[in-house]
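# Remarks on the overall topology
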Amino acid sequence: MPHSATIQTATCEGALRAARSPAKTVRNAGEGVGLALFDRYFAGQLLIYFGFFSLVLVAVYWVNRAIGLFDRLIEGGSNLVTFLEFTALALPNVIYAVLPISALVATLYGVNRLSGDSEMVVAQTTGVSPWRLARPVLIFGLAVGMMVSVLGHVLVPAARTALGERGEALSQDVTARFLKEGEFLHPGDGVTVYLREITDAGELLGLFLQDRRSETVQTFYTAERAVLVRGENGTRLVMFDGMAQSLRVEERSLVITTFEDFAFDLASLAGTEAMRQRDPRELGTAVLLRADEAAQAATGDDRAKLVYEGHARFAEALFAFAMPLLALGFLMLGSYSRLGLWRQILAAVSAAILVKVLANVAEDAARGDIALWWTPYVPPLLALMLGAGLVWRDARGRWLMARPA
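Residues numbered from 1 in each chain as written. Predicted model: local features only at pLDDT ≥ 70, side-chain atom pairs only at ≥ 80, totals over all residues. Heavy atoms only, no water.

### Quick word on the layout of surface pockets
What counts here: The rule is simple: put a 1 Å grid over the protein atoms alone, call a set of points where a 1.4 Å probe fits but cannot get out a cavity, call an open set with protein on both sides within 12 Å along at least five of seven lines a pocket, and count a residue as lining if it has an atom within 4 Å of a point. Grid points are joined across faces, edges and corners, and a volume is the space filled by probe spheres set on the points. Under the scheme used here, helices are H or I runs from DSSP no shorter than 4 residues and strands are E runs no shorter than 2 residues, and both carry numbers assigned from the N terminus. Under the scheme applied, nonpolar residues are Ala, Val, Leu, Ile, Met, Phe, Trp, Tyr, Cys and Pro; charged residues are Asp, Glu, Lys and Arg; polar residues are all the others, including Gly.
When its volume is computed, the largest pocket comes out at roughly 920 Å³. What lines the largest pocket is a set of 35 residues, among which Y96, Y308, E316, K356 and E363 lie closest to the centre. Those elements giving two or more residues to the lining of the largest pocket turn out to be α3 (80–116), α5 (130–172), α9 (303–331), α10 (342–368) and α11 (378–402). With nine residues, α10 is the single largest residue contributor to the lining of the largest pocket. Split by residue class, the lining of the largest pocket holds 23 nonpolar, three polar and nine charged.

Put into structure tokens, the structure is as follows:
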């Protein structure tokens, strides 16, 4: 056994043996102190592993999403600051999705390591019951559930609202889509722009603009220089010393017009929607559960979908609370082995996947019928009952083995 594992085992063993003094009064006092020390030690280890695995999973998930986001923003002409802003606003939702998984993995790793270092064996041989071992796990699960609740009810809706508003502002601001020289850009459907050079003063030199949005007339603009001008009605592209070639598709005729200055309206490239439809996950929990006509009009979803989103936040926190107990229940089915508890770990992971599949089925049912609003709570409650049942089975099995003596 490594030196650090030996120290940890000795600490755990000393804390638990402090509860077994010959004198009754001293024994009760030592038991309380020893078990409280064990609770803090066990829960602290789980929190350390939880922080590590959360960091790893968030990084993997974030990198996977950031690559696609980076390509979309850079192709649209946005800069690195905009990319970092969008990724920062997306982080709360990533953390919200990862925390329950991290809690499961941290519990599996932590209990398996304590078992491999004989610390779990020391705890069990000193008379600590399975329910007593489950206490720090439940405390850990409660802490994770509270984190998920804060994220789901407060941080994620706020971040999604800011992300939606920032995305809308970016889509309305077509200026950034033009400020990229030497490449053919597509700031809107049917529009192609090419700039030879951008001066320090902000002038656009060697401009080529193709407008194919009309099915009857296609226009090609070329200009020696141009500038972007912001006005009350939006952004305009003012071109100087150029030429416009209009191709009439049906007549197959070409009309060429030269100009000294010409203003091209860019506001239509960003769309003309008066109000952005909000994602239901942007709304507060009370608004979702109420699901009045204003919320339905703002999101475009019916009442069943809004009510489901509200209850799903509570169900996700309950799911995060149940995962550590589910992992502990499966790991307590096996005895000590130097090879670890890999069969129990695979069984716990399979059970968690099955619970998640049931959660998806419950989601489809609740989103289609408002009378089934309670279905999102069924999968996490089943996970919680399964974990408690496995711990009870281990406790009952020990009691039956000790009964003949």
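And the narrative resumes.
### Re the environment of D211
The test is simple: The classification of residues rests on relative accessible area computed with a 1.4 Å probe and restricted to protein chains. Under 20% of the type maximum is buried, over 50% is exposed, and intermediate values are partly exposed. Contact criterion: two residues are considered in contact whenever any of their non-hydrogen atoms come within 4.5 Å of each other. Polar contact is the term for a pair of N or O atoms within 3.5 Å; when the atoms are in protein, one must be able to donate a hydrogen and the other to accept it, and sequence-neighboring residues count only if both atoms are side-chain atoms.
On the secondary structure map, D211 appears in strand β3 (residues 204–211). Overall, D211 belongs to the buried group, its relative accessible area being 13%. Along the backbone, D211 and Y221 are 10 residues apart, and their C-alpha atoms lie at a distance of 8.2 Å. Apart from residues lying up to four places away in sequence, D211 is in contact with G190, V191, V217, Q218, T219 and F264. In this structure the side chain of D211 is engaged in a polar contact, spanning 3.0 Å, whose partner is the side chain of R213.

### A short note on the packing of α3 against α10
Test applied: Comment: axis = line fitted to C-alpha atoms, over the contacting stretch for helices; angle = value between 0 and 180 degrees taken between N-to-C directions. Reported orientations rely on four angle classes, namely roughly parallel under 35 degrees, roughly antiparallel over 145, roughly perpendicular from 65 to 115, and oblique for the rest. Helix crossings are classified by the rotation of the near helix relative to the far one: an anticlockwise turn of less than a right angle makes the crossing left-handed, while a clockwise turn makes it right-handed.
Following both chains from N to C, one finds α3 and α10 inclined at 165°, their axes separated by 11 Å at the closest point. By the angle between their axes, α3 is roughly antiparallel relative to α10. The way α3 lies across α10 gives a crossing that is right-handed. Taking contact as the criterion, the partners of L104, L108 and N112 in α3 are, on α10, I345, A348, V349 and A352. Its residues assigned to classes, the contact of α3 with α10 shows six nonpolar, one polar and no charged.

### Observations regarding unusual backbone geometry
For D241, which is not glycine, the phi torsion reads 50° and is therefore positive. Within the secondary structure layout, D241 lies in strand β5 (residues 234–248). A positive phi angle, close to 50°, is found at A291, a residue other than glycine. The topology assignment puts A291 in the loop between α7 (285–290) and α8 (293–299). When its relative accessible area of 2% is taken as the criterion, A291 is described as buried.

### Observations regarding the packing of aromatic side chains
Definition in use: Note on aromatic contacts: the rings of Phe and Tyr and the six-membered ring of Trp form a pair at centre separations within 6.5 Å, being stacked when their planes are under 30 degrees apart, edge-to-face when over 60 apart, and tilted otherwise.
In the structure shown here, the tally under the stated rule is eight aromatic pairs. Where Y49 meets Y109, the ring centres are 5.0 Å apart and the plane angle is 90°; that geometry is what we call edge-to-face. Highlighted residues: Y49 in helix α2 (residues 24–75) and Y109 in helix α3, separated in sequence by 60 residues. Judged by relative accessible area, which is 37%, Y109 ranks as partly exposed. Residues F50 and F140 carry aromatic rings whose centres are separated by 5.6 Å and whose planes lie at 80° to one another, so their mutual orientation is edge-to-face.

### Focus: the confidence of the model for the protein chain
As a general rule, the predicted coordinates of low-pLDDT regions are not to be interpreted in detail. Our working rule: Note on scores: pLDDT gives the predictor's confidence for each residue, bounded by 0 and 100.
Predicted confidence across the protein chain gives a mean pLDDT of 80, with 76% of residues reaching 70 or more. In the model of the protein chain, helix α1 (residues 3–17) stands out as the element of lowest mean pLDDT, 46, in contrast to α9, which has the highest, 94. Counted against residues more than four places away or in other chains, residues 13–31, with its pLDDT under 50, gives 22 contacts. Segment residues 399–405 is flagged for pLDDT under 50; beyond a separation of four residues in sequence, or across chains, it makes zero contacts in the model.

### Focus: a negative patch on the surface
Here is the rule we go by: Patch definition: residues above 30% relative accessible area lacking any salt bridge, with like charges linked at up to 9 Å and the nonpolar side chains Val, Leu, Ile, Met, Phe, Trp and Tyr linked at up to 5 Å. Note on areas: Shrake-Rupley with a 1.4 Å probe; residue coverage comes only from the protein chains shown. The term salt bridge refers to a pairing of a side-chain nitrogen on Lys or Arg with a carboxyl oxygen on Asp or Glu at a separation within 4 Å. Two residue types count as positive, namely Lys and Arg, and two as negative, namely Asp and Glu; His and chain ends fall outside the count. A charged residue contributes its charge at one atom only: NZ of Lys, CZ of Arg, CG of Asp or CD of Glu.
A cluster of like negative charges, contributed by E224, D241, E260 and D261, occupies part of the molecular surface. Positionally, E224 belongs in strand β4 (residues 217–231).

### Concerning the pattern of salt bridges
It is possible for side chains of opposite charge to pair when their charged atoms get near one another. Summed over the entire model, instances satisfying the criterion amount to eight salt bridges. Note that R278 and E282 form a salt bridge whose closest N and O atoms lie 3.3 Å from each other. Accessibility expressed as a relative area gives 29% for R278, which makes it partly exposed. Taking the shortest distance from any N to any O, the salt bridge between R281 and D279 comes out at 3.1 Å. For R281, a relative accessible area of 36% corresponds to the partly exposed category. For D279, a relative accessible area of 23% translates into the label partly exposed.

### Looking at the packing of α3 against α9
α9 packs onto α3 with a crossing angle of 15° between their chain directions and a minimal axis gap of 8 Å. Classed by the angle they form, the pair α3 and α9 counts as roughly parallel. For the pair α3 and α9, the sense of crossing is right-handed. Residues Y96, P100, A103, L104, T107, L108, V111 and N112 of α3 pack against A312, R313, E316, F319, A320, M323, P324, A327, L328 and L331 of α9. Taken together, the residues that form the contact of α3 with α9 break down as 14 nonpolar, two polar and two charged.

### Some remarks on the nonpolar core
A general feature of soluble globular proteins is that nonpolar side chains tend to end up buried together. Applied cut-off: Here, nonpolar core means buried Ala, Val, Leu, Ile, Met, Phe, Trp, Tyr and Cys residues that are tied together by side-chain atoms lying within 4.5 Å of each other.
If you look at the biggest cluster of nonpolar residues, it comprises 44 residues, and the most contacted ones within it are F42, F50, L108, F140, V144, V148 and M323. For this core, the secondary structure elements donating two or more residues are α2, α3, α5, α9, α10 and α11. The element contributing the most residues to this core is α9, with 11 residues. Setting aside its immediate chain neighbours within four residues, F140 contacts L46, L47, F50, A103, A106, T107 and P324.

### A word on the pairing of strand β1 (residues 184–188)
Note the following rule: Here a strand pair is declared whenever DSSP counts at least two bridges between the two strands.
Where β1 and strand β2 (residues 191–198) come together, three bridges link them in antiparallel fashion. Along β2, the bridge assignment pairs F184 with Y194. Linking β1 to β2, which pair antiparallel, is a turn of two residues; within it G190 sits at a positive phi near 80°.

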